[in-house]
Amino acid sequence: MQRPRELLRERPEDIPELARHFLARFAAEEGKPQLRSIDPAALDLLSAYPWPGNIRQLENAVFRAVVLADGVQLTMAEFPQIAAH
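Residues numbered from 1 in each chain as written. Predicted model: local features only at pLDDT ≥ 70, side-chain atom pairs only at ≥ 80, totals over all residues. Heavy atoms only, no water.

Helix and strand counts for the protein chain come out as four helices and two strands. The order of helices and strands in the protein chain, counted from the N terminus, is α-β-α-α-β-α. In terms of overall size, the protein chain behaves like a compact globule, its C-alpha atoms giving a radius of gyration of 13 Å where 85 residues would be expected to give roughly 12 Å. Projected onto the principal axes, the alpha-carbon positions of the protein chain cover approximately 45 × 25 × 20 Å. Looking at the 85 residues of the protein chain, the share that counts as buried comes to 35%. Put simply, of all contacts in the protein chain between residues at least 6 apart along the chain, 73% involve residues at least 24 apart. Accessible surface, the protein chain: about 5,400 Å² in total, of which carbon and sulfur atoms supply 54%. Once the 10 positive and 12 negative side-chain charges of the protein chain are each reduced to a mean point, those two points are 5 Å apart. (Helix = DSSP H or I, 4+ residues; strand = E, 2+ residues; numbered from the N terminus. Rg over C-alpha atoms; globule rule 2.2 N^0.38 Å. Buried < 20%, exposed > 50% of the residue type's maximum accessible area, 1.4 Å probe, protein only. Contact = heavy atoms within 4.5 Å. Areas by Shrake-Rupley, 256 points an atom, 1.4 Å probe, with all protein chains shown as cover. Lys, Arg positive; Asp, Glu negative; His and termini not counted. Charge placed at Lys NZ, Arg CZ, Asp CG, Glu CD.)

Working definition: an aromatic ring pair is given by the centre-to-centre distance plus the angle between the planes. The full count for this structure, using the stated rule, is three aromatic pairs. For the pair F26 and F63, a centre-to-centre distance of 5.1 Å together with 70° between the ring planes defines the contact as edge-to-face. You can see F26 sitting in helix α1 (residues 15–29) and its partner F63 sitting in helix α3 (residues 55–68), a full 37 residues away along the chain. Residue F26 is classed as buried on the basis of its relative accessible area, which comes to 5%. (Phe/Tyr/Trp six-rings, centres within 6.5 Å; stacked < 30°, edge-to-face > 60°.)

With that settled, consider the side chain of E78. Tracing the backbone through its elements, the reader meets E78 in the loop between β2 (73–74) and α4 (80–83). It turns out E78 is buried and unbridged, and the closest side chain with the opposite charge, K32, is 8.5 Å from it. A distance of 2.5 Å separates a polar side-chain atom of E78 from the backbone nitrogen of T75. For E78, the residues in contact, after removing those within four places along its chain, are R64, A65, L68, A69 and Q73. (Salt bridge = Lys/Arg side-chain N within 4 Å of Asp/Glu carboxyl O. Polar contact = N/O pair within 3.5 Å; in protein donor to acceptor, adjacent residues only side chain to side chain.)

With that out of the way, let us pick up the packing of α1 against α3. What describes two packed helices is the angle between their axes and the distance between those same axes. Here α1 crosses α3 at 45°, and the two axes come no closer than 9 Å. Here α3 runs oblique to α1, going by the angle between their axes. Crossing hand, α1 versus α3: right-handed. Here I15, L18, A19, F22, L23, R25, F26 and A27 of α1 lie close against α3, whose contacting residues are I55, L58, E59, V62, F63 and V66. (Axes fitted to C-alpha atoms, helices over the stretch in contact; angles between N-to-C directions. Parallel < 35°, antiparallel > 145°, perpendicular 65-115°, else oblique. Left-handed = near helix turned anticlockwise from the far one by under 90°.)

Below, the structure is given as C-alpha cells:
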C-alpha cells in the first residue's frame, strides 16, 4: 500500500530548507549563478503561506521566482501569487 503524500502545510519547518534547495537547483538550470539566496522576508512569506498542495506547489513557486528574478536574491517581489494571498 502506498503511503499518502504529506501536505506541505503539515511540515512548515521544512519550507526554508526546501526553498533554498529548489533555488540552488533552478538557478543552476536557468543559468543564474549569481542568484544564491532568499530574502528572510520572502522566506517568512513562504513559511506563513497555507500551502493547499504538496511539495510540488512550492517547487513550482520557486521555479517561477527564479525565472522572474534579476538580482542576486529572491525577494517577496518574485512571489506575487503568494503575497496576494
